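Each chain, written out:
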Amino acid sequence: LVVNEYRSTTRDAASTDVAVDFGNYTFAMVRDGDDWKLDELIPISPEIPANVTAVTLQLNEFAFGFNRSDIEDGNFAFTAENIGKQDHQVIVVELDEGVALDEALAQQGPAGEDPPGVTTIAVAGPILPGKQFNVVFEEPLEPGNYALICLFPDTEDPDGTPHADKGMAADFTVE
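Basis of the calculations
- Residue positions are given per chain, counting from 1 as you read along its sequence in written order.
- Local features in this predicted model are restricted to residues whose pLDDT is 70 or higher, and side-chain atom pairs enter the listing and the counts only when it is 80 or higher, whereas totals over whole chains, interfaces and linings include all residues.
- As a rule here, side-chain values cover all heavy atoms of the structure and leave hydrogens and water aside.
- The rule is short: rings of Phe, Tyr and Trp, with Trp giving its six-membered ring, pair when the centres are within 6.5 Å, and they are stacked under 30 degrees, edge-to-face over 60, tilted in between.
- By the criteria applied, helices consist of DSSP H or I runs no shorter than four residues and strands consist of E runs no shorter than two, each listed in order from the N terminus.
- Note on classification: 1.4 Å probe, protein chains only; a residue is buried when its accessible area is under 20% of the maximum for its type, exposed when over 50%, partly exposed between these limits.
- For each structure, a 1 Å grid was placed over the protein atoms alone; sets of points admitting a 1.4 Å probe that cannot get out are labelled cavities, open sets with protein on both sides within 12 Å along at least five of seven lines are labelled pockets, and lining residues have an atom within 4 Å of a point.
- Grid points are joined across faces, edges and corners, and a volume is the space filled by probe spheres set on the points.
- Residues are grouped as follows: nonpolar covers Ala, Val, Leu, Ile, Met, Phe, Trp, Tyr, Cys and Pro; charged covers Asp, Glu, Lys and Arg; every other residue, Gly included, is treated as polar.
- When DSSP finds at least two bridges between two strands, those strands are taken to pair.
- An axis is simply a line fitted to the C-alpha atoms; with a helix, the fit covers only the stretch in contact. Between two such axes, the angle follows the N-to-C directions and lies from 0 to 180 degrees.

Which parts of the structure should I look at to understand the packing of aromatic side chains?
Where two aromatic rings form a pair, the distance of their centres and the angle of their planes describe that pair. On inspection of all chains with the given rule, the structure shows eight aromatic pairs. Considering the side-chain rings of phenylalanine 66 and phenylalanine 172, the 6.2 Å spacing of their centres and the 85° angle between planes classify their relative orientation as edge-to-face. On the criterion of sequence distance, the pair formed by phenylalanine 66 in the loop between strand 6 (63–65) and strand 7 (76–82) and phenylalanine 172 in strand 12 (residues 169–174) is long-range, its members being 106 residues apart. For the residue pair phenylalanine 66 and phenylalanine 172, the accessibility class agrees, reading buried in each case. Here the aromatic rings of phenylalanine 76 and phenylalanine 137 are separated by 5.4 Å at their centres, their planes lie at 70°, and the arrangement is edge-to-face. Of the two residues, phenylalanine 76 sits in strand 7 while phenylalanine 137 sits in the loop between strand 10 (132–135) and strand 11 (144–149), which places them 61 residues apart along the sequence.

So this is what it looks like as structure tokens:
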């Protein structure tokens, strides 16, 4: 955990920017008696470098909307906008040759473990309704097959079925 900046707005509320293994966030805290409690976790969207192509990605129940032809090569980033009513995430995975997205989804194992033939490249979220977030890769993606997945549970479904199982999964190719 790396604290990048500390800000205090009142004696009973504070926030700090932190870098953790799963991304950069603002932790908003409130005082409850003598204790400080986490009030809100706000993802900090990275900037898209000038030499990287921005590809628009819309998140909705239960689909990713984007133009695959906007991905000309691996030097791109997604500008994700949640136009839906539920929180969403963007998980970018690489699929080994011969591994189909539907097969990979059917083989999901315990949380935090990739199924055989799948490698997680990036995870962004939660992306709240009406918010935007940039998904920027550390280096350009190599040619190959990739997919976008949202594994958040459907908050309208009593079983909490993951969004991906309701269609929020899409594959794309980098030439």
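Explain the layout of surface pockets to me, please; I cannot follow it from the model alone.
The method is simple in principle: a probe with the dimensions of a water molecule rolls over the atoms, and the space it marks as empty is what remains. Its boundaries defined by the atoms lining it, the largest pocket holds a volume of some 700 Å³. In terms of lining residues, the largest pocket is bounded by 29 residues, among which Ile121, Ala122, Val123, Val136 and Glu138 are the most central. Of the residues forming the lining of the largest pocket, the biggest block, seven residues, is contributed by strand 9 (residues 118–127). The class makeup of the residues in the lining of the largest pocket is 19 nonpolar, five polar and five charged.

Explain the environment of aspartate 12 here, please?
If you trace the backbone, aspartate 12 turns up in the loop between strand 1 (2–10) and strand 2 (13–20). Judged by its relative accessible area of 47%, aspartate 12 falls in the partly exposed class.

Would you take a moment to explain the sheet that holds strand 10 for this structure?
The strands making up a sheet are joined through hydrogen bonds of the backbone, oriented either antiparallel or parallel. Spatially, the four strands line up as an open sheet ordered 6-5-7-10, and their pairing is mixed. Of all strands in the sheet, those bounded by a partner on one side alone are strand 6 and strand 10. Averaged over all pairs of adjacent strands, the angle between strand axes in this sheet comes to 25°, irrespective of strand direction. Pairing geometry for strand 5 (residues 53–60) and strand 7, over seven bridges, is parallel. Within strand 7, the position partnered with alanine 54 by the bridge is alanine 77.

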